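# Observations on the model geometry
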Amino acid sequence: MQPSPPAAEARSPIETYLAALHDRHAGHAGGQVANYIPELAKANPAWFGICIATRDGHVYEVGDSRQPFTMQSISKALVYGLALEDRGEAAMLERIGVEPSGDAFNAISLKAGTGAPFNPMINAGAIAACGQVMRRSGRSRIQRIQAYLSACAGRELDIDVDVYRSESQTGHRNRAIGWMLRNFGVIDEEPTEILEAYFQQCAIRVTCRDLAVMGATLANQGVNPITRQQAIAPDGIDNILSVMSTCGMYDFSGEWIYRVGLPAKSGVGGGIMAVLPGQLGIGVFSPPLDGQGNSARGIRACTDLSNDLALHVFNNGNAPLPALRLKYDNTQVRSRRRRPQEQRQALGREGGRVRVLELQGDLVFSTVEPVVRGVNEQARECQFFLLNLRSVISADDASLRLVVELQRSLAARGVRLLVCHARALETRLRRLGADVETLYPDDDTALEACEDLLLANVLGSRFVTAKEVPFARCDLLDGLGAADLSSLDAAMAERHYATGERIICAGEPGDALFVLLSGSVEVRLPGPTGKPGPRIEVFAAGMTFGEMALVDGAPRSADVIALEPVSCRVLEIRAFEAFDERYPRLKIGLLQQITRQLSASLRRRNAEVQAFKGR
Ligand code: GLU
């Protein structure tokens, strides 16, 4: 029989869709390649590429997605961002307005009286914005612009020198605009160098893939989703996207936002960069331009993309994920620290006063508000709330401020709000005034801290974790008679371990049970490269570990590591088996005790599974 041929690599449905979209519009013959900059006229009118870059850095591309071309006006949107970073919003608004002008992109029109350009997307505003970019650290304006745009694209971009020269030799109208700006004091120096920098920024070479990544960077609070570099300061993102929404598509801007509904910027090179904030970036490229100066195929492709994939920003379907993913309390989920019986019982009774809220997705006012409301309502019955941010993707300052405010108002009522897994958000939380002592790296340490404080409250002076427990008082020996105790005492050798020493190694044969007389140990699952993995349990003096080996004889499933100097008594499996003949009652007693411990830990796991299912 012939072996069957290897299956062709499965094409993603998104690639299939983009290919069909490309086919649908590739044949469209409308539009004219720009020729007022002579070098641009050399573009091939058939070039056509479409790209989507997701916020997690995946790029879908079809057609001429790697064909280089010059950014032209698309650079205006991002350079405006750089100027904002350099000068601040107020200073920029003093010089450049944010009103759609209704004039052509290259109009020599400035607001009557002030001489301020209407907005940064027409040439006058863009030249003024370029002039606001500072020379810094030995770098010229254009060097800074080039580095900035490269960070947005996630690769080194170069300047198409032929296109630059071509525009510099013919750009008399832009020169006139430059001198007008100088005349009105919108720029503070002779425009010559600014104009050259502007011509060069327009001639920066990109591909339509780069435009999609730049768009995704704008969608992702300024963080390039591929390089993870903060390319654009997050404060300016709303400013950039606002002017793109109102003025980004020349005289088609109103209709564009109505039909396509994505902040976007196009350029006479044939490119369009569009952004669905918080979600994705789109790059489209095809040189023939329509009557308004936008890529004719680009407009068609974007209109279809927006309709077919429901991308319009004002689409109600874009409601963010609810922030509350899961909630449970300390009666259902405990920290990994095993506790003596009295403490276990106390947590069983009082654990409802410790509540854990696991949050997810993007924290914004509308997702955090219900969480704040819920916590406030429950605060009367609670002593601790723990916000677990492990599944949070992003958080804006407004939502973090709500969390910090909540923390403050709860503290005034004697309730503590802890936060864990805050990682990247920690610095901002601190800056907004969060109590540093309430920020924990992980949920287990935070939960353990809550339990300790709760137990100290409930048990008072009885809440002590014994450093040392006499052999006869250890858990395992509970219920054994004096004779059995002394037989066992004789059968178990004493062993000592230093801090950090591995007492049990995952994978090794399980040949003994350990009773901890003093010190504490942690149980960790084996990590990927031989390093210790996540902690699953902490045992203190008086407790037993390694007992599963006595029941099933299977190899060890986890590492056990001494957290401090430890002394143990060890019952070898051979000695245990030998009890059959000499001390059958002792063996039954031990098995009963081990079974009780195993079933208690199984019950605990069941309660956790229940809690994690969110029921
Ligand atoms: N460099 C071009 C100019 O200033 C950019 C125009 C555009 O893309 O709209 O004329």
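The structure contained in this document is the topic of the report that follows. (Residues numbered from 1 in each chain as written. Predicted model: local features only at pLDDT ≥ 70, side-chain atom pairs only at ≥ 80, totals over all residues. Heavy atoms only, no water.)

Moving on: the sheet that holds strand β11 (residues 416-420). Taking strand neighbours across the sheet as the criterion, the five strands line up as β8-β9-β10-β11-β12 in an open arrangement whose pairing is mixed. Lying at the two open borders of the sheet, with one neighbouring strand each, are β8 (324-329) and β12 (439-440). Bridging between β11 and β12 involves two bridges; their strand directions are parallel. Of the residues in β12, the one forming a bridge with cysteine 420 is tyrosine 440. Along the sheet, helix α14 (residues 365-378) makes contact with β8, β9 (354-363) and β10 (384-395), crossing β9 at roughly 170°. (Pairing = 2+ DSSP bridges. Helix = DSSP H or I, 4+ residues; strand = E, 2+ residues; numbered from the N terminus. Contact = heavy atoms within 4.5 Å. Axes fitted to C-alpha atoms, helices over the stretch in contact; angles between N-to-C directions.)

To continue, consider the site of the ligand. As a matter of local geometry, the ligand sits amid Tyr36, Gln72, Ser73, Phe105, Asn123, Glu167, Asn174, Tyr198, Cys202, Tyr250, Gly267 and Val268. Contacts to the ligand include glutamate 167, whose side-chain N or O atom sits 2.8 Å from a nitrogen atom. In the model, an oxygen atom of the ligand is placed 2.4 Å from a nitrogen or oxygen of the tyrosine 250 side chain. Protein coverage of the free-state accessible area of the ligand, which is 300 Å², stands at 99%. Of all the cavities here, the one that holds the ligand is the second largest cavity. (Near = heavy atom within 4 Å. Polar contact = N/O pair within 3.5 Å; in protein donor to acceptor, adjacent residues only side chain to side chain. Areas by Shrake-Rupley, 256 points an atom, 1.4 Å probe, with all protein chains shown as cover. 1 Å grid on protein atoms, 1.4 Å probe; cavity = no way out; pocket = protein on both sides within 12 Å on 5 of 7 lines; lining within 4 Å. Sits in = over half its atoms within 2 Å of the grid points.)

With that out of the way, let us pick up the pairing of strand β6 (residues 271-276). Burial within β6 is extensive, with six of its six residues counted as buried. Neither face of β6 is exposed, since Gly271, Met273 and Val275 on one face and Ile272, Ala274 and Leu276 on the opposite face are all buried. Across three bridges, the pairing between strand β5 (residues 264-266) and β6 is antiparallel. The partner of lysine 265 across the bridge, within β6, is methionine 273. From the end of β5 to the start of β6, which pair antiparallel, there are four residues, and glycine 270 there has a positive phi angle of about 105°. Sheet topology note: the β6/strand β7 (residues 280-285) ladder contains six bridges and is antiparallel. Each bridged residue has a counterpart across the sheet, and for leucine 276 the counterpart in β7 is leucine 280. Two successive antiparallel strands, β6 and β7, enclose a turn made up of three residues, where glycine 278 displays a positive phi of approximately 80°. (Buried < 20%, exposed > 50% of the residue type's maximum accessible area, 1.4 Å probe, protein only.)

The computed volume of the largest pocket comes to approximately 1,500 Å³. Taken together, 39 residues form the lining of the largest pocket, with Arg55, Gln221, Asp362, Ser394 and Ala395 sitting closest to its centre. Contributing elements (two or more residues each) for the lining of the largest pocket: α9 (208-219), α10 (237-247), β9, β10 and α16 (426-431). In terms of residue count, the dominant contributor to the lining of the largest pocket is β10 (five residues). (Points joined across faces, edges and corners; volume = space filled by probe spheres on them.)

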